[in-house]
Amino acid sequence: MCLDPEDHMDWYERTKSLSTERLHNLDLYWRDNFENSVHQELHSMVQMILVERGEKTLEMKREEQIKGLNRSLRLSNPFGRFVSGVKSIFTTRTKS
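Residues numbered from 1 in each chain as written. Predicted model: local features only at pLDDT ≥ 70, side-chain atom pairs only at ≥ 80, totals over all residues. Heavy atoms only, no water.

(A) Up close: the nonpolar core. Core analysis: the largest hydrophobic core is formed by 11 residues, namely L3, Y12, L23, L26, W30, V38, L42, M45, V46, I49 and L50. When residues of this core are traced back to their parent elements, those giving at least two are α2 (20-33) and α3 (37-52). The dominant element in this core, judged by the number of residues it contributes, is α3, at 6 residues. For M45, the contacting residues outside a window of four places in its chain are L3, H8, W11, Y12 and T15. (Core = buried A, V, L, I, M, F, W, Y, C linked by side-chain atoms within 4.5 Å. Buried < 20%, exposed > 50% of the residue type's maximum accessible area, 1.4 Å probe, protein only. Helix = DSSP H or I, 4+ residues; strand = E, 2+ residues; numbered from the N terminus. Contact = heavy atoms within 4.5 Å.)

Laid out in structure tokens, this is it:
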């Protein structure tokens, strides 16, 4: 079950006319409440319009958070701290 091309364009134009704040609210809503492929399609529209406007979607924010946590986890063990220390030595020498 998907939107017809005419309905798709109609919903796209309606969604595009919404404020950025409203789009963020819809992104949050559709993330938690989609039940079928039409809902998924509407959520994709919201995400696409947010990206077009230069905004970050919840998915993008989540990916950034995961990368940061992974980086922190890598540095939290003795080997990671050693590698970080070695990197800092080389970066301070190249900056001088």
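(B) Quick look at the packing of helix α1 (residues 5-16) against α3. Contact geometry for α1 and α3: axes closest at 10 Å, N-to-C directions at 45°. Comparing the axis directions of α1 and α3 gives the class oblique. Crossing of α1 over α3 shows right-handed handedness. Contact residues: α1 offers H8, W11, Y12, T15 and K16, while α3 offers E41, L42, M45, V46, M48, I49 and E52. Its residues placed into classes, the contact of α1 with α3 shows 7 nonpolar, 2 polar and 3 charged. (Axes fitted to C-alpha atoms, helices over the stretch in contact; angles between N-to-C directions. Parallel < 35°, antiparallel > 145°, perpendicular 65-115°, else oblique. Left-handed = near helix turned anticlockwise from the far one by under 90°. Nonpolar A, V, L, I, M, F, W, Y, C, P; charged D, E, K, R; others polar.)

(C) Quick peek at the pattern of salt bridges. Per the counting criterion, the structure on display carries 3 salt bridges. Of the charged contacts, one joins D10 and R14 as a salt bridge, the two residues approaching to 3.4 Å between their closest N and O atoms. Of the two residues, D10 and R14 are both situated in helix α1; the distance of 4 residues between them amounts to about one turn of the helix. Residue class for D10 comes out partly exposed when judged on its relative accessible area of 36%. Judged by its relative accessible area of 45%, R14 falls in the partly exposed class. (Salt bridge = Lys/Arg side-chain N within 4 Å of Asp/Glu carboxyl O.)

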